[in-house]
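# Overview (structure and organization)
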Amino acid sequence: MKQALLVLTGTYTTYLLVYTTSLGHLPTPFDYLSLLNTCLPLIFVAIGQSLVVLTGGIDLSVGGIMSLGIAIIAARGGTATAALTVLIICTACGVLNGLLVARGRIAPILTTLATLSIFSGLALRTLPVPGGSIDPGLRAVLTHPDVPTGLIWLGAAVGGWLVLRRTRFGMRIYAVGSDEAAARATGIPVVRVKVGVYGLCGLCCGIAAVLYVSATTSGDPNAGMPFILTSIAAVVVGGIAFTGGRGSALGAMAGAVALTLVTDVLFFAGIDPLYQSLFQGLFLVVAVLLGSGAVLAGNRRRAAA
Amino acid sequence: MLMVSGVSKSFGGVKALRDASFAARPGEIHALAGENGAGKSTLIKVLCGVLRPDSGTVQTTGELATAFQELSLAPDLTVAENLFLHDPPRGRLGLVRRSVLAPRADELLRRFGVDYVDSRAVTADLSVAHRQIVELVRALATEPEILVLDEPTAALQESQVAWLAGHMRRLREQGCCVVFTSHRWREIEDLADRVTVFRNGSHVTTREKLGEAEAVTLMSGRSIDRTYPRLPPVPAGADRTLTVSGLRAGALREVSFDLHRGEVLGVGGLAGQGQADLFLALFGARRAAGGTIQLAGRPLRVRRPRDAIRAGIGIAYVPEDRKSEGLLLPMSVRDNLALGILDRLSSAGLVRRSAERAAVRSMVTQLGIVASRPMTQPVGTLSGGNQQKVLMGRWLLTDAEVLLLYDVTRGVDAATKHDFYQLIAQLAERGKAILLYSSETEEIAHLCHRVLVLREGRIAAELAGPVGDAEQIVAASMRERR
């Protein structure tokens, strides 16, 4: 959490610097709004990924679930009913992951690698070529280009996490992640917690899909794919332990914003798009070094007790 | 020579060592004594450089070897690989010569009289005692000038302790400086030339002669009533709570017994006669192969711990290696206590913080859990005795009617043991039904209304308690055995 804020502050300062030197003025409210609308899908996927990683798992299928969601809503003209259908289907996809992992006892990385293929296949079947549309009324509510409606969804994301943290379910997530055998011996329904977590992750991907189509006004059945790596990167930057049980989704949210800012920084710095991937990788290494430094210090502190 | 001067070390806000000083000479065996949390383990980690002290200095002359209490062997490597991890036999290209690895290890083990350990075995498959012996051989084989052993005997049997003692004495004669810790006072008296007592992270005294009674006083800072509490009698005609018939699981062949309200029923016998399987099967952590369990007259199927907990059975289980005890070590004392009663503490899925805090406070006070910040402090940072109290507190909060206490006093200091004895008597008085196992037969002899002696997975004898004399239980577990 701490290093996520550190990384975010650093990235934001760089963003301000690069922006003002290249354009001669500070970012306008419009810039912030478009930044927010661009960030939102990744923020939600990062929350979903955080929940899974907190239980000691990983979800590679977020890209597939999101692509499927994008394909469905775009193919159905982007109505509110379509959006609702997407949320339900995406949650179901997540629950399927959870059942395979918890009941079928298949390693999360294998399960979600397989379902990634299945879900993205379904996405291509639903919307074979990029296209489709979003209902303008829905768009005005979700990601209005001039009115900061996006703030509502950001607030919902942060608030939702803070509430979840205080629930029985939230506590159980941490218990399962820190020691599954001990959690079972405490009477925690481990299977239910895992299914719930993957289901919530699916729901988050659904929300992200709806927001993504709303922000880009059209659908692409492959659009979810980059979110696999970026959501994992956000979790890493956010300082969530991959062994489970430690960290906060707030960190991953900060990580998601930082990762989006990096793309803008590269754009305003006039860096050849060919080098974008290279610089994003460098950024990740630096952020992870910061994070692992903090983790190492924490380990040293714990080892002695 | 080994000299520690003015060393301090804190973890978070907890001071593990305060200005600790200590010195050991060549050619002596030096014991470090102290309760859990006195700072012995931290001092040892500072000695061998695993931890860097916040202040103070450590001076050593010569090679130093250490054997840790938390075994430092890689579990998935073979014994031979572990023995030669730091300096494996290599060929011309610098590649490890696997063909000579095991023969060399065999030779080394034989040299130390440990031919009963297979050097090709995967370390994780060994018993805790054998793993500890491999760890000791690895340290001894370096022929160090300073040898530091943290609780080397905790997992060992008598004959193995004698083996280790022989090597410690041999090294002393060679002018080596041997430092060790132990919870068993007899070993300290037998072996140590000098004893240093630690309390609360500080050096209390270093002496050549120290009696047990005085040592306990020095370690705890108060004099301790070493007697066992009087057990309240089981009320006449008390209800049967737990009825077990024909239970089979793991090494447990066939066991039947009744447990009444307000009764403490001991499970004795030599180590490994199915005691652990009995406890785990009753709690649903091990699948039973047959037999029935009745709780308050109703048949009960326990397929997982959740079933047992719902029915009102709690277990405080401290396994042999003490690494996991059902506690979530990175989580706070509060979370660990509250996890068992989340249903009761929450309304509409939200945990009520005030109710949670009240429950946690009541347990911290009732059990005397020593934690500086119980609401946030991770359980893993508490001393062993306090961790066990937290585990116990969790089940007391659930109002479990049947308590399965498996070796709860294992590796716990004298003062905490005494607290546990009092607690067990109080719980029996409040009508709890308690099944008790302890690796210290003495405790079973004094704390139980009745004792079942297990042998080869069956009940070999039933003794009326309090037996008072541990010898009787031992005799009963050996009888008819040729």
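Residues numbered from 1 in each chain as written. Chains lettered and ligands numbered in written order. Predicted model: local features only at pLDDT ≥ 70, side-chain atom pairs only at ≥ 80, totals over all residues.

### A closer look at the overall build of chain B
Keep this limit in mind: Strands are runs of DSSP state E lasting at least 2 residues, helices are runs of H or I lasting at least 4, and numbering of each runs from the N terminus. In this setup the radius of gyration rests on C-alpha atoms only. A globule is expected at 2.2 Å times the number of residues raised to 0.38. To sort residues by burial, count the other C-beta atoms lying within 10 Å of each one's C-beta; a count of 20 or more means buried, 12 or fewer means exposed, and anything in between means partly exposed. C-beta atoms are built from the backbone. We call two residues in contact when the distance between their C-beta atoms, placed using the backbone, is within 7 Å.
Summing up its helical and strand segments, chain B has 16 helices and 21 strands in all. A compact globule built from 482 residues should have a C-alpha radius of gyration of about 23 Å, and chain B, at 24 Å, falls within 12% of that. Seen through its principal axes, chain B has C-alpha atoms that stretch 70 × 50 × 45 Å. Across the 482 residues in chain B, those meeting the buried criterion constitute 46%. Of the contacts made within chain B by residues no fewer than 6 positions apart, 68% connect residues no fewer than 24 positions apart.

### Notes on the domain arrangement of chain B
Interface size is commonly expressed as the accessible area that is lost once the parts come together. Cut-off, in case you're wondering: All the domain ranges listed were derived from an automatic or database domain assignment.
Taken as a whole, chain B is organised into domain 1 (2-220) and domain 2 (240-478). Put simply, the middle of domain 1 of chain B and the middle of domain 2 of chain B, counted by C-alpha atoms, are 31 Å apart.

### Brief notes about the interface of chain B and chain A
Under the convention used in this document: Side-chain classes are defined by residue name, with Ala, Val, Leu, Ile, Met, Phe, Trp, Tyr, Cys and Pro counting as nonpolar, Asp, Glu, Lys and Arg as charged, and the others, Gly among them, as polar.
In this assembly, 28 residues from chain B lie in contact with 24 residues from chain A. Secondary structure elements with two or more residues in the side of chain B that touches chain A: helix 1 (40-47), helix 9 (305-311) and strand 17 (350-351) of chain B. The element best represented in the side of chain B that touches chain A is helix 9 of chain B, accounting for 3 residues. Of the residues contributing to the side of chain B that touches chain A, the split by class is 15 nonpolar, 9 polar and 4 charged.

### Things to note about the packing of helix 11 (residues 226-237) of chain A against helix 12 (residues 249-268) of chain A
All names here are of chain A. Inclusion rule: Interaxial angles span 0 to 180 degrees and are taken between N-to-C directions of axes, which are lines fitted to C-alpha atoms, for helices over the stretch in contact. In this scheme, roughly parallel covers angles under 35 degrees and roughly antiparallel covers those over 145, while 65 to 115 is roughly perpendicular and the rest are oblique. Whether a crossing is left-handed or right-handed is set by the direction in which the near helix is turned from the far one by less than a right angle, anticlockwise for left-handed and clockwise for right-handed.
Here helix 11 crosses helix 12 at 120°, and the two axes come no closer than 7 Å. One finds that helix 11 runs oblique with respect to helix 12. The interaxial crossing formed by helix 11 with helix 12 has right-handed handedness. Between helix 11, through T230, A233, A234, V235 and V237, and helix 12, the contact on the second element is made entirely by A252, G255, A256, A258 and L259. Partitioned by chemical class, the residues of the contact of helix 11 with helix 12 number 8 nonpolar, 2 polar and no charged.

### Observations concerning the pairing of strand 10 (residues 240-249) of chain B
Residues and elements named next belong to chain B. Stated precisely, the cut-off is as follows: DSSP calls a pair of strands paired once it identifies at least 2 bridges connecting them.
Of the strand pairs in this sheet, strand 10 and strand 11 (residues 252-260) are connected by 6 bridges, and their pairing is antiparallel. Looking at strand 11, one finds that A249 is bridged to L252. Between the end of strand 10 and the start of strand 11, which pair antiparallel, lie 2 residues, with G250 showing a positive phi angle near 55°. Pairing of strand 10 with strand 13 (residues 290-295), which is carried by 5 bridges, proceeds in the antiparallel orientation. Directly across from S245, in strand 13, lies its bridge partner T292.

### Quick notes on the packing of helix 3 (residues 62-75) of chain A against helix 5 (residues 108-126) of chain A
Any two packed helices are characterised by how steeply their axes cross, that is the angle between the axes, and by the distance between the axes. All names here are of chain A. At a minimum axis separation of 7 Å, helix 3 and helix 5 run at an interaxial angle of 15°. Comparing the axis directions of helix 3 and helix 5 gives the class roughly parallel. At the point where helix 3 passes helix 5, the crossing takes the left-handed sense. Note on element contacts: helix 5 touches helix 3 through T115, L116, I118, F119, S120, L122, A123 and T126, opposite G63, G64, I65, S67, L68, A71, I72 and A75. Here the contact of helix 3 with helix 5 is composed, by residue class, of 10 nonpolar, 6 polar and no charged.

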